[in-house]
Amino acid sequence: MGDVLAGIHSTWEFDSDSVLIRFERGIRTPKLFHVLGERRVPYEALSAVELVPGGRRGTVVLRALPREGADPLLEAAAGQLKDGSDPYRLVLPAERETLADYYATQLRALLPEHRRKPAEHYLVAVPSPPQSFKAYDGKASFDGRTVTFRWFWTGASTAKWKAGDQFFPVGELEGVEWRSPEGLSGHLRLRPRGAEVLAEADQDPASVVFGLGYGSVYESLPFAASVLAAVRAADPVPAPESVPSAASSQQHHRSDPADVAERIRHLGKLHEAGLLTDDEFTAKKAELLAEL
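From a predicted model like this one, the values you see are computed outputs, not experimental measurements. (Residues numbered from 1 in each chain as written. Predicted model: local features only at pLDDT ≥ 70, side-chain atom pairs only at ≥ 80, totals over all residues. Heavy atoms only, no water.)

A. Fine view of the overall build of the protein chain. Summing up its helical and strand segments, the protein chain has eight helices and 14 strands in all. Summarising its shape, the C-alpha atoms of the protein chain cover approximately 75 × 40 × 30 Å along the three principal directions. By the burial criterion, 45% of the 292 residues in the protein chain qualify as buried. A distance of 4 Å separates the average location of the 34 positive side-chain charges in the protein chain from that of its 41 negative side-chain charges. (Helix = DSSP H or I, 4+ residues; strand = E, 2+ residues; numbered from the N terminus. Buried < 20%, exposed > 50% of the residue type's maximum accessible area, 1.4 Å probe, protein only. Lys, Arg positive; Asp, Glu negative; His and termini not counted. Charge placed at Lys NZ, Arg CZ, Asp CG, Glu CD.)

B. Main features of the confidence of the model for the protein chain. Across the protein chain, the average pLDDT comes to 89, with 90% of residues at 70 or higher. Counting contacts from residues 239-252, a segment whose pLDDT is below 50, to residues more than four positions away or on other chains yields nine contacts. (pLDDT = per-residue confidence, 0-100. Contact = heavy atoms within 4.5 Å.)

C. View of the pattern of salt bridges. A full pass over the atoms with the stated rule returns 16 salt bridges. Taken together, the salt bridges that share partners define one network made up of Glu 177, Arg 179, Arg 189, Arg 191 and Asp 204. (Salt bridge = Lys/Arg side-chain N within 4 Å of Asp/Glu carboxyl O.)

D. Inspection of the nonpolar core at higher detail. Ranked by internal contacts, the top residues of the largest apolar core, which has 70 residues, are Trp 12, Val 147, Leu 188, Leu 221 and Val 227. Examining the composition of this core, we find that 10 residues originate from one element, helix H5 (residues 217-233), more than from any other. The contact partners of Leu 188, leaving out residues within four places of it in the chain, are Phe 133, Val 176, Glu 177, Trp 178, Ala 206, Ser 207, Val 208, Phe 210, Phe 223 and Ala 224. (Core = buried A, V, L, I, M, F, W, Y, C linked by side-chain atoms within 4.5 Å.)

E. Examining the pairing of strand E12 (residues 173-179) more closely. Counting buried residues along E12, five of its seven residues qualify, which places the element largely inside the surrounding structure. Of the strand pairs in this sheet, E12 and strand E13 (residues 187-192) are connected by six bridges, and their pairing is antiparallel. Bridging across to E13, Gly 175 finds its partner in Arg 191. (Pairing = 2+ DSSP bridges.)

F. Quick peek at the sheet that holds strand E9 (residues 138-142). Pairing is antiparallel across the open sheet formed by four strands, whose spatial order is E8-E9-E10-E11. The outermost strands of the open sheet, each flanked by one partner alone, are strand E8 (131-134) and strand E11 (166-169). Ignoring strand direction, the axes of neighbouring strands in this sheet form an average angle of 10 degrees. Bridge analysis of strand E10 (residues 146-151) against E11 gives four bridges, and the strand direction is antiparallel. Among the inter-strand pairings, Thr 146 is bridged to a residue of E11, identified as Pro 169. H5 contacts E8, E9 and E10 of the sheet and is inclined by roughly 140 degrees relative to E8. (Axes fitted to C-alpha atoms, helices over the stretch in contact; angles between N-to-C directions.)

G. A look at the environment of Ser 128. With respect to the helices and strands, the residue Ser 128 is situated in the loop between helix H3 (97-108) and E8. Residue classification places Ser 128 among the exposed residues on the basis of a relative accessible area of 57%. It is 9.4 Å that separates the C-alpha atoms of Ser 128 and Val 227, two residues lying 99 residues apart in sequence.

H. Looking closely at H5. In this model H5 runs 24 Å from its N-terminal to its C-terminal C-alpha over 17 residues, within 8% of the 24 Å that 1.5 Å per residue would give. The element H5 is largely enclosed, with a buried count of 13 among its 17 residues. (Expected span 1.5 Å × (residues − 1).)

I. Representation of the sheet that holds E13 within the structure. Taking strand neighbours across the sheet as the criterion, the three strands line up as E12-E13-E14 in an open arrangement whose pairing is antiparallel. The two strands at the open ends of the sheet, each matched to only one other strand, are E12 and strand E14 (207-209). Neighbour to neighbour, the strand axes of the sheet diverge by 10 degrees on average, direction disregarded.

J. View of the packing of aromatic side chains. Scanning the model with the defined rule gives 10 aromatic pairs in all. Taking the centre distance of 4.6 Å and the plane angle of 25 degrees together, the rings of Phe 23 and Phe 33 count as stacked. Residue Phe 23 is found in strand E3 (residues 18-23), and its partner Phe 33 is found in helix H1 (residues 31-36); the two are separated by 10 residues along the sequence. With a relative accessible area of 8%, Phe 23 lands in the buried category. With 5.0 Å between their ring centres and 85 degrees between their planes, Phe 133 and Phe 223 make a pair best called edge-to-face. With Phe 133 in strand E8 and Phe 223 in helix H5, this residue pair connects regions lying 90 residues apart in the sequence. Taken individually, Phe 133 and Phe 223 each receive the classification buried, so the pair is uniform in this respect. Linked through ring pairs, Trp 12, Phe 14, Tyr 102 and Tyr 103 together constitute an aromatic cluster. Note that Arg 232 overlies the ring of Tyr 122, its terminal NZ or CZ placed 4.2 Å from the centroid. (Phe/Tyr/Trp six-rings, centres within 6.5 Å; stacked < 30°, edge-to-face > 60°. Lys NZ or Arg CZ within 6 Å of the ring centre and 35° of its normal.)

K. Spatial organisation of the pairing of E13. Note that E13 and E14 share three bridges and pair antiparallel. Residue pairing across strands places His 187 opposite Val 209, the latter belonging to E14.

L. Here's a closer look at unusual backbone geometry. In this structure, Pro 130 follows Pro 129 across a cis peptide bond, with omega equal to 5 degrees. Mapped onto the secondary structure, Pro 130 falls in the loop between H3 and E8. Notably, Ala 78 is not glycine yet its phi reads approximately 50 degrees, a positive angle. A relative accessible area of 52% means that Ala 78 is categorised as exposed. Positive phi values are uncommon outside glycine, yet Ser 185 reaches one of about 60 degrees. When you line up the elements, Ser 185 lands in the loop between E12 and E13.

Right, dumping it as C-alpha cells:
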C-alpha cells in the first residue's frame, strides 16, 4: 500500500506485508505508547479490521483486531487494557471517516485466510529486556533469561521474607498472570511448571503485588509481555539433576552489602516478634550472607 495515515497519538504506515504503528510522545499520549515507541504488525497477525465511532465526539476509530496468540502484549493484558491504551486503535477526526473506511477495506483484503485460527507463535515483538519495575512489596527484574524478585522489607509479607528473594529461569516457567494495577488486587504472578498456585498473591513468592503508585500499566504490562514471549520461546528445562537449584542460582546474584544488612535487621525484627523460629532465622541469615 505504501501510504501513511496519521491520527491522534499514533501514525500508521502501510507496507506490502505489515503496518508500522508509530506512537507520539506527547503529554496527553498514554505512557504505555511512550514505552512501546513503535510496533510492526504483520497482516498475518490480524484477524479483523473495523471502523467504529470514537469515544470522543467528532472522532472515528480504525481498529485492527489481532489473532489469538499473535501478540504477547495483548495476551498478557487478557482484555484488561482500557480503550485509550489499546495500541491497535487509530483515532481520527470524524471528517476523515471516508478515508479511514478506504483503508479499512484495503486492510481486510490483506488479511490471511486462516485469520480465525490461533497463531502458532508470536508475530508481534514486545520491548526487549533488560526490564524492571517497583511493585509494592518488591522489585521485579528481567534480564532475558531470569526473572528476579527482591523483596522490600516495608511491603513484603512474612511468607515472602521467609522464602527469600526469588529467581525464576524462563525455562522453568509455564506462564505469566498480569492483573492490572487499575483494578482490585493488581499483581504479576509467575507460574512455575508443576508448582501449586497460592490463592493470595501477597503470600505467593512467585508474585509481586501492585498498589497505588506501584506496578503502573506502562511498566508492568510490557514486563509481563516480555517474560511471556521468552517463556514461549524457551525450551523446557533439562532433567532435574542438571537444573541449578534455587540456592545455587542465588549464588550468582551478588547483592549490595547495605541492602543485605537491612534485610538481616528486618529478619531480626521478625525473629524478635516470634514470626520466625531460631532455626528459620539462622537459615535465612546464612542465605543472605551467602549473597555477599
